[in-house]
Amino acid sequence: MRIRIVGAGVMGRGIAQWAASAGHTVELGDARQEAVGDAIGFVRRMLDRSAAKGRLTHEAARAASERLLPLDDAFAPGDGVELVIEAVREDLATKTDLFRRLEDVLPARTILATNTSSLPVTRVAAGLADPSRLVGLHFFNPVPLMRIVEVVPGVLTRPDIPPALVELVEATGHSAAVVADTPGFLVNHAGRGLVTEALALLEESVSDPAGIDRIARDVLGLRMGPFELMDLTGLDVTDTVIDSVWRGFRHSDRLRPSYLTPNRVAAGLHGRKTGRGFYDHVDGAQATPPEPPITGDPGRPVRVAGHGPDADALRRTLREDGATLEDDGADPSGRAVVLVPTWGTTLAEQIASAGLPASRTVGVDPLAMPTGRRVLAFTPATDPAAVHDARAVLARAAAPAHRDGTDGHRAVSVVRDTAGSVAQRLLASIVSVAASIAERSIATPAAVDTAVTAGLGYPTGPLAWGDRIGAARMLALQAGLHRSTGDPRYRPTRWVTERVHLGLPLTEPGPDPVALGATSPPPRSGTAEPTHEGDGA
């Protein structure tokens, strides 16, 4: 295929490398001719580097380099061009004007694709003589390594275009997710689940950025914590995306922004690129505050309150760790620290309902217990000595040195009491936002999981993650958070509720409503005539 790329910046270069490496002839153009030469030189160096590392043969790298063709004029006629990919600045007027000029010089069969990450594809297409030939083809940086591409049909995009682009993308080894033309598309929309909830936790002083990041990495298995991620991306960029997605979905409670970010952006605390963000950055390196040392008494007796699988698992783990565990058949001694596993509720609520001694009772997150980091919660009534001793008890098991832990101890985080604790709230938000994407038919469950895993680096797709925890347990978590807080952002999603009632996994898409006659298939562009060709969205 002959592909023309317009825009020789970071994204254009990456797309050119991706296409040339896959065997396509690549025309590269830009408004600045010197940018084209710089971009081709850069891509050729990247290809040589890949060959040196054994990722490509030297012959393949040389052949890919030869398929890179500089254009003196990005708007030159090109009868053989089958696909144009635009990668210029995020401005509606700029993109629309560019495509108007391209449709005047390229054949009607040429597909026009915008790499926009934030503008509605339909609005870009609306300014064209033939809006049916334009589609979104959203790559992620760095393109050769981020093996996911969002294929975004506009309202009038021809139905044959999305499957053709899916086939093209998947033939290169990347994954393609067909996504409805909605705010944030798929990956940026799904990513709001993590960062908005992390900011909500910070608003409530549940923990500091480093503490929340440690739990996100070590309990949930994320590659980066949310505040590390925002510092890397730039808080100015993140804040813009959060607000645009929230406004686009008409102020959805589940996507609600934080009041913390505007002032930080105004103060220039954007992250790594400004040297200060949620962390300080010195010479590009993040300065992370150390964890406080473990100073309590690991031999202090403990008692586990409650019954059920979480309490039983906690007792079993404490016995294996050699803790001094009091028999739960008798009243706790006056010295014992009472440990309460909480799921979707607050420790304070558990203390009140079970009549537990408030000064000696701490919460334990059952989600964290099987991981390399355990998480304790305290209330305003907790005796600090009880927290220190409980931390020492949970840290006592010998474990390999951890990047945030102490040699010979498990890492243990201490957080303020909140419904569900840190990891549960982050996970509930991740799963809930993904479920809302699926229930709106923005993307299929499989596309959601594939795109989020590849685009955000989560250890598993959010819907599959919810299934791993258990759909009924996820519903109990959502319901507990909603009941404890009264905040509509935590209300159980229809997707999760319905599948629990029906005994289905969260990854189950259900029958196609078009095939069942429950809804009409999409019309052909420009007419009211129905078609049986799905647009994939």
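Residues numbered from 1 in each chain as written. Predicted model: local features only at pLDDT ≥ 70, side-chain atom pairs only at ≥ 80, totals over all residues. Heavy atoms only, no water.

Quick look at the overall build of the protein now. A tally of helices and strands in the protein yields 20 helices and 15 strands. Relative to the globule expectation of 24 Å for 537 residues, the C-alpha radius of gyration of the protein, 26 Å, shows essentially globular dimensions. Seen along its three principal axes, the alpha-carbon backbone of the protein occupies a region of about 85 × 55 × 45 Å. When burial is assessed residue by residue, the protein has 52% of its 537 residues classed as buried. Considering only contacts in the protein between residues 6 or more positions apart, those separated by 24 or more positions represent 68%. Approximately 22,600 Å² of the protein is accessible, and the part contributed by carbon and sulfur atoms is 53%. Positive and negative side-chain charges of the protein, numbering 56 and 64 respectively, have mean locations separated by a distance of 2 Å. (Helix = DSSP H or I, 4+ residues; strand = E, 2+ residues; numbered from the N terminus. Rg over C-alpha atoms; globule rule 2.2 N^0.38 Å. Buried < 20%, exposed > 50% of the residue type's maximum accessible area, 1.4 Å probe, protein only. Contact = heavy atoms within 4.5 Å. Areas by Shrake-Rupley, 256 points an atom, 1.4 Å probe, with all protein chains shown as cover. Lys, Arg positive; Asp, Glu negative; His and termini not counted. Charge placed at Lys NZ, Arg CZ, Asp CG, Glu CD.)

Strand order in the open sheet made by the 8 strands is β3-β2-β1-β4-β5-β6-β7-β8, with mixed pairing throughout. Each edge of the open sheet carries a strand with a single partner, namely β3 (68-70) and β8 (175-178). On average, adjacent strands in this sheet sit at an angle of 25 degrees to one another, irrespective of strand direction. When strand β6 (residues 134-138) meets strand β7 (residues 148-153), the two strands line up antiparallel, connected through 4 bridges. When the bridges of β7 are listed, Val-135 appears paired with Pro-153. Strands in contact with helix α4 (residues 92-105) are β1 (2-6), β4 (83-86), β5 (111-114) and β6; relative to β5, the strand with the most contacts, it is inclined by about 165 degrees. (Pairing = 2+ DSSP bridges. Axes fitted to C-alpha atoms, helices over the stretch in contact; angles between N-to-C directions.)

This part covers the pairing of β1. Most of β1 sits inside the fold, with 4 of its 5 residues counted as buried. When β1 meets strand β2 (residues 25-29), the two strands line up parallel, connected through 5 bridges. Bridge pairing links Ile-5 to Leu-28 in β2. Taken together, the 4 bridges between β1 and β4 define a ladder with parallel strand orientation. Among the inter-strand pairings, Arg-4 is bridged to a residue of β4, identified as Val-84.

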